[in-house]
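Descriptive structure summary
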Amino acid sequence: MSAAVSAPAPAGNDGSSYKRKRSRSGSPMSRDRSPPAHRSRRSQSPSSMQVDDPDPVRRRERERQAALRQAEKEVSGEVEKPAFDAEAEFKKLMNSRSGGVYMPPARLRALQAAAAQDKSSVEYQRLSWDALRKSLTGIVNRVNVSNIKDIIPEMFQENLIRGRGLFARSIMKAQASSLPFTPVFAAVVAIINTKLPMVGELVLTRLISQFRRSFKRNDKVVCHATSTFIAHLVNQQVAHEIIALQMLVLLLERPTDDSVEIAVGFMREVGAFLAENSPKANNGVYERFRAVLHEDSIDKRVQYMIEVLFQVRKDKYKDNPIIPEGLDLVQEDDQITHQISLDDELQVQDGLNIFKADPNFVENEQKYKEIKAEILGDSDEESDSGSGSEEGSEDEDGDGDEPAEEKEGIQDLTGTAVTNLRRVIYLTIMNSLNYEEAVHKLMKINIQEGQEIELCNMVVECCSQERSYSNFYGLIGERFSKYNRVWCENFEEAFANYYETIHRYETNRLRNIARFFGHLLASDAISWAVFSVVKMNEDDTTSSSRIFVKIMMQEITEEMGLKKTAERFKDPTMKSNFESMFPLDNPKNTRFSINYFTSIGLGVVTEEMREHLKNAPRLIMEQRRAALEEEESSSSDSDTSDTSSDTDSDTPAVAEAPPHLDTEEIDLLIPAHLDDVVAPRRGTAGVRLGVMIGAVGLLPCRGPGPHLAGVLQDIPYHDVDRPRAVALLLVEVTTPHLAEPALPMVMLVAGTVQARALHLHLAVGVTGIVIGMMTDAADQRTRLPEGEGAIRGIGR
């Protein structure tokens, strides 16, 4: 082939050279191609009219005039615009994606007005669904620590039962996009969970499902955000701590850099809660972290994160508290905890995110209004009451004589107000530097009438919680008691309540409470009449109450001194309030009280009881003698008539039973004299053996009481019977060897036996004791070995 020679290109009109483009293909088919399509012209306006005229100038003028005439008709209204078709707009809206179509406000208002005619229609439900979605999304995006208390009532105004799927989706998206606000979102879920548990359960279920999917897909970002949200829900006790432990086990079972990093972040958020509620499981998790650190199978950066976590644990999570300040808005008793495991079959209920027509839409909306009124209070009733009050004022102008009807107030029977008051009192006390500041702040608290006892109880409870007693609380109680009589009476009531329930407290708390009330008594902040509730006897006291009184008395003695304390107890004006502490009615209780106060170092206050116990036998004998004399004088006339009737009858006369003495009176009479007899020789073998014999002899003496009217000198010797003979023989045998105090005892026993009121056992018992003394004297005189004279005495 010969080479083609290119001819020079012709020059254009502007003098530039023109280059011919080479065609792609030299085939003849390419030359027969169809001409290129013309460029589309600019679309004409609908108002323009086509005029057929060969003259172009005249044609343009005629078209212009036609357009002007058409515009004038539109302005004048002669041309009708197409009517607004609501049904067609609704069909267009239903076929579109929810929220994907923008609608001008005017058209939207027209749609709402058309749909409001039938609230049960599908169109109205769709519009309300879109409004609910937008409202929930806006509320969730606006919430923060400062406005959460205002946002929550606004959120309950929306139908959270119908839109729980929308709420869960909105709050999860908001949390994933702003992780620092996770505690706020968790607090919102916790508050809603207390009133609507189904909403909190749905949020937790979706979070667990999302964590499982992201863990399988190795999506670190989503997994970290989801685990953080779950950690704060555990802190708020919406989720049980078992889910947190299962997640940690899953993340640390096969450690990788990403899984360990997520586990470290999760543990920083939930570690304080686990350390407080599950310490054993928390220690196990940290042991696993330590093992991963020692395996050295992860990156240095992740190892450093584990070391930082251990330092955070050492610092007791000071930068990661369980619930941040300002978000502890739910009481522990009101919270509902969901126990959902990581391996459970979860129902995320994705269908709740999509609009579905509800055949019972109006009824369900009315039910939610009732629930909302129960949660928030019906604001409509308040507005009605306000308008009603205005009408009532107008009626009162006309009829001033008729009294206005009083409306019943709302009574809080849940105890929420009392709990909040106790919380305020506790925080005020804990945040005060000294007792004066605490009293000043507590005085400013608005305490309702009848709730003063709550402040007193909180002061005592705070005092009992300390490791050791602090005078800070005692000074607070003293200042309140001296400020107003009302506080003094309430602290006295608190004393009675705590003394009755003191057995419920452990030793340290009991000690602090006792010292607190001891300070109030020593400073005369409360009256000593509170001792009337203390009954010092074996039956009415417990070990805790005796320890309480002991510590309280020691505190009083330490501040006042023993002398002033004894003088205060001997005050005659307060004696009636101390009768139960120093009982004189029963010898057993008297001895118990004497022994108790002597053992705690307050024997000086028992002098009156000791004197009473010493003179009790003489007083009882005088009372009995006077009683018997009255009986004899009253029955002297009846005896003369009875003797005549007895002589006529053949049956022998039956002697009357002597007066009966109580067991306490016998205990007072017998031991009082035996102590005088036995005390000088206590501990010798003869006295010990004699006391044993006497105990056997006195054991059956619980029958008729002794008759103490007769004595040995007053009884004729020719009336001696067998018991008296035994007593006289005892006197004759032992008189040379008896100590001086023993003779009155023997004479008393002889007279008692003469009256046939005491059995022979009494004489045998006393005889054994006296014989033991006699044999001891014989041992000393004859210098026999100790105990041999006792054996001879028994034989005698």
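Residues numbered from 1 in each chain as written. Predicted model: local features only at pLDDT ≥ 70, side-chain atom pairs only at ≥ 80, totals over all residues. Heavy atoms only, no water.

1. Observations regarding the environment of S341
Residue position: S341 is located in the loop between helix 13 (300-314) and helix 14 (361-376). Among the residues examined, S341 registers a relative accessible area of 15% and is labelled buried. Taking the C-alpha atoms as reference points, S341 and A244, 97 residues apart in sequence, are found 9.4 Å from one another. If we skip the residues at most four places from it in the chain, S341 touches I243, Q246 and L346. For S341, the side chain forms a polar contact with the side chain of Q246, separated by 2.9 Å. (Helix = DSSP H or I, 4+ residues; strand = E, 2+ residues; numbered from the N terminus. Buried < 20%, exposed > 50% of the residue type's maximum accessible area, 1.4 Å probe, protein only. Contact = heavy atoms within 4.5 Å. Polar contact = N/O pair within 3.5 Å; in protein donor to acceptor, adjacent residues only side chain to side chain.)

2. Regarding the nonpolar core
One finds F167 and F289 to be the most contacted residues of the largest nonpolar core, which totals 78 residues. Here this core gets 10 residues from one element, more than from any other, and that element is helix 11 (residues 257-277). For F167, the contacting residues outside a window of four places in its chain are L136, V140, M155, L160, V188, I192, V199 and V203. Listed in part, the 66 residues of the second largest apolar core include L455, F472, A514 and Y596. (Core = buried A, V, L, I, M, F, W, Y, C linked by side-chain atoms within 4.5 Å.)

3. Here's the deal with unusual backbone geometry
Unusually for a residue other than glycine, N218 sits at a positive phi of about 60°. Checked against the element boundaries, N218 lands in the loop between helix 8 (197-216) and helix 9 (220-235). Positioned with a positive phi, Q349 is a non-glycine residue whose angle comes to about 55°. Within the secondary structure, Q349 is located in the loop between helix 13 and helix 14. Judged by its relative accessible area of 35%, Q349 falls in the partly exposed class.

4. Things to note about helix 11
Under the 1.5 Å per step criterion, the end-to-end length of helix 11 is 29 Å for 21 residues, consistent within 8% with the ideal 30 Å. The largest bend in helix 11 comes to about 60°, at V270. (Expected span 1.5 Å × (residues − 1). Bend = angle between axes of the 7 residues up to and from the residue.)

5. Examining the packing of aromatic side chains
Under the criterion given, the structure shown has 23 aromatic pairs. With a centroid separation of 6.2 Å and 25° between ring planes, the pair formed by F211 and F215 is classed as stacked. Of this pair, F211 and F215 both sit in helix 8, four residues apart, roughly one helical turn. Judged by its relative accessible area of 0%, F211 falls in the buried class. Relative to F548, the ring of F495 lies with its centre 6.1 Å away and its plane at 45°, an arrangement referred to as tilted. Taken together, the residues span a long stretch of sequence, with F495 in helix 20 (residues 485-500) and F548 in helix 22 (residues 543-560) at a distance of 53 residues. The same class applies to F495 as to F548, namely buried. Three or more aromatic residues joined by ring pairs make a cluster, and in this case those are F491, F495, Y498, Y499, Y505, F516, F517 and F548. Across the ring face of Y286, the terminal group of R313 is positioned such that the distance to the ring centre comes to 4.2 Å. For the cation-ring pair, R568 lies above W528, with the distance from its terminal atom to the ring centre recorded as 4.9 Å. (Phe/Tyr/Trp six-rings, centres within 6.5 Å; stacked < 30°, edge-to-face > 60°. Lys NZ or Arg CZ within 6 Å of the ring centre and 35° of its normal.)

6. Some remarks on a negative patch on the surface
On the surface, E276, E332, D333 and D334 cluster together to form a negatively charged patch. With respect to the helices and strands, the residue E332 is situated in the loop between helix 13 and helix 14. (Patch = residues over 30% accessible without salt bridge, like charges linked within 9 Å, V, L, I, M, F, W, Y side chains within 5 Å. Areas by Shrake-Rupley, 256 points an atom, 1.4 Å probe, with all protein chains shown as cover. Salt bridge = Lys/Arg side-chain N within 4 Å of Asp/Glu carboxyl O. Lys, Arg positive; Asp, Glu negative; His and termini not counted. Charge placed at Lys NZ, Arg CZ, Asp CG, Glu CD.)

7. A look at the pattern of salt bridges
All chains considered together, the criterion is met by 20 salt bridges. One salt bridge connects E154 with R142, and the closest N-O pair in it is separated by 2.7 Å. Of the two residues, E154 sits in helix 5 (residues 148-156) while R142 sits in helix 4 (residues 122-142), which places them 12 residues apart along the sequence. Of the residues examined, E154 reaches a relative accessible area of 33% and is grouped as partly exposed. Among the salt bridges present, the one from R422 reaches E454, with a minimum N-O distance of 2.9 Å. Of the two residues, R422 is situated in helix 16 (residues 416-430) and E454 in helix 18 (residues 452-464); the sequence distance between them amounts to 32 residues. One network of salt bridges, with partners in common, ties together D53, D55, R58 and R62.

8. A short note on helix 14
Since there are 3.6 residues in each turn of an α-helix, residues three or four apart along the chain are aligned in direction. Taking 1.5 Å as the rise per residue, helix 14 with 16 residues should run 22 Å; its terminal C-alpha atoms sit 22 Å apart, in good agreement. The positive-phi residue at the C-terminal boundary of helix 14 is G377, with phi of around 95°.

9. Looking at the environment of K173
One can find K173 in helix 6 (residues 164-177). Between the alpha carbons of K173 and T137 there is a distance of 9.6 Å; along the sequence they are 36 residues apart.

10. Thoughts on the packing of helix 22 against helix 23 (residues 562-569)
At a closest axis distance of 7 Å, the pairing of helix 22 and helix 23 adopts a crossing angle of 115°. Along the contact surface, helix 22 presents M553, I556, T557 and M560, while helix 23 presents L562, K564, T565, R568 and F569. The residue inventory of the contact of helix 22 with helix 23, partitioned by class, reads five nonpolar, two polar and two charged. (Axes fitted to C-alpha atoms, helices over the stretch in contact; angles between N-to-C directions. Nonpolar A, V, L, I, M, F, W, Y, C, P; charged D, E, K, R; others polar.)

11. Looking at the state of the cysteines
Applying the stated criterion to the full structure yields zero disulfides. C463 supplies the cysteine sulfur nearest to C462, a cysteine that is in no disulfide, at a spacing of 8.8 Å. For C462, a relative accessible area of 4% gives the class buried. (Disulfide = S-S within 2.5 Å.)

12. Some points on the side chain of T228
With respect to the helices and strands, the residue T228 is situated in helix 9. Owing to a relative accessible area of 9%, T228 belongs among the buried residues under this scheme. There is a polar contact of 2.8 Å between the side chain of T228 and the backbone oxygen of H224. Leaving out residues up to four positions away in the same chain, T228 has contacts with Q175, T182 and E269.

13. So, the packing of helix 6 against helix 7 (residues 182-195)
Where helix 6 contacts helix 7, the two axes come as close as 9 Å, and the packing angle between them is 160°. Here helix 6 lies roughly antiparallel to helix 7, going by the angle between them. Crossing of helix 6 against helix 7: the hand is left-handed. Between helix 6, through F167, I171, A174 and Q175, and helix 7, the contact on the second element is made entirely by T182, F185, V188, V189 and I192. (Parallel < 35°, antiparallel > 145°, perpendicular 65-115°, else oblique. Left-handed = near helix turned anticlockwise from the far one by under 90°.)

14. Some thoughts on the confidence of the model for the chain
Chain-level statistics for the chain give a pLDDT mean of 74 and a share of 65% at 70 or above. Taking the mean pLDDT of every element in the chain, the minimum, 43, falls on helix 15 (residues 379-398) and the maximum, 95, on helix 9. Across residues 1-47, confidence stays below pLDDT 50; counting only partners more than four residues off in sequence or on other chains, it has nine contacts. Considering only residues more than four positions removed or in separate chains, one finds that residues 644-689, a stretch of pLDDT under 50, has 75 contacts. (pLDDT = per-residue confidence, 0-100.)

15. Side note on a nonpolar patch on the surface
Nonpolar side chains collect at one region of the surface, where Y426, L427 and M430 lie side by side and expose about 270 Å² of accessible area between them. Considering the arrangement of structural elements, one finds L427 in helix 16. What makes L427 partly exposed here is its relative accessible area of 44%.

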